[in-house]
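Secondary and tertiary structure notes
Each chain is listed here by its residues.
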Amino acid sequence: MEHGLIAWLIIGAVAGWLAGVLVKGGGFGLLADILIGIVGAVIGGWLAGLLGIAVGGGILASIITATLGAIVLLVIVRAFRRA
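Residues numbered from 1 in each chain as written. Predicted model: local features only at pLDDT ≥ 70, side-chain atom pairs only at ≥ 80, totals over all residues. Heavy atoms only, no water.

What follows concerns helix 2 (residues 30–51). For helix 2, built from 22 residues, the straight-helix expectation of 32 Å at 1.5 Å per residue is met to within 8% by its first-to-last C-alpha distance of 31 Å. Turning to helix 2, its buried residues number three or more, namely Asp-33, Ile-34, Ile-36, Gly-37, Gly-40, Ala-41, Gly-44 and Ala-48. Viewed along the axis of helix 2, the buried residues span an arc of 160°, placing them on a single side of the element. Exposed residues on helix 2 whose side chains face more than 90 degrees from its buried face are Leu-31, Leu-35, Val-42, Trp-46, Gly-49 and Leu-50. Packing partners of the buried residues in helix 2 comprise helix 1 (5–23) and helix 3 (59–82). Two residues or fewer after helix 2 comes Gly-52, characterised by a positive phi angle close to 70°. (Helix = DSSP H or I, 4+ residues; strand = E, 2+ residues; numbered from the N terminus. Expected span 1.5 Å × (residues − 1). Buried < 20%, exposed > 50% of the residue type's maximum accessible area, 1.4 Å probe, protein only. Arc of directions from axis to C-beta. Contact = heavy atoms within 4.5 Å.)

Our next topic: the nonpolar core. The biggest cluster of nonpolar side chains holds 6 residues, and these are Ala-19, Val-23, Ile-36, Ala-70, Leu-73 and Leu-74. Going through the elements one at a time, helix 1 and helix 3 are the ones with two or more residues in this core. By residue number, the principal contributor to this core is helix 3, which donates 3 residues. If we skip the residues at most four places from it in the chain, Ile-36 touches Gly-16, Phe-28, Ala-70, Leu-73 and Leu-74. (Core = buried A, V, L, I, M, F, W, Y, C linked by side-chain atoms within 4.5 Å.)

As a further point, take the UniProt feature "transmembrane region" (unreviewed entry) in the protein chain. Taken from the UniProt record, the annotation "transmembrane region" (unreviewed entry) applies to residues 6–23, 30–53 and 59–80. Between the C-alpha atoms that bound residues 6–23 there is a distance of 25 Å. The span itself is 100% helix and 0% strand. The distance from the first to the last C-alpha atom of residues 59–80 is 31 Å, and the span holds 100% helix and 0% strand. (UniProt positions renumbered as here; feature names shortened; annotations may be inferred.)

Right under this line is the structure:
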């Protein structure tokens, strides 16, 4: 299922905020949350395909995938910041 621009912005904002809460303890602001969530969706989709995981369609599946990808992104960024 393909989402429109508004749906991607909402998915990105929700996923980025959730990832920020789970990894850092809070969100990063609306624009950063959207960017983290959209990049997280790309990473999550790539990892799901690589691992052979069928994520499913719909907004909820997209939010879950994007959140997991955003968590991976934030963990990697945090590791490089400490190094």
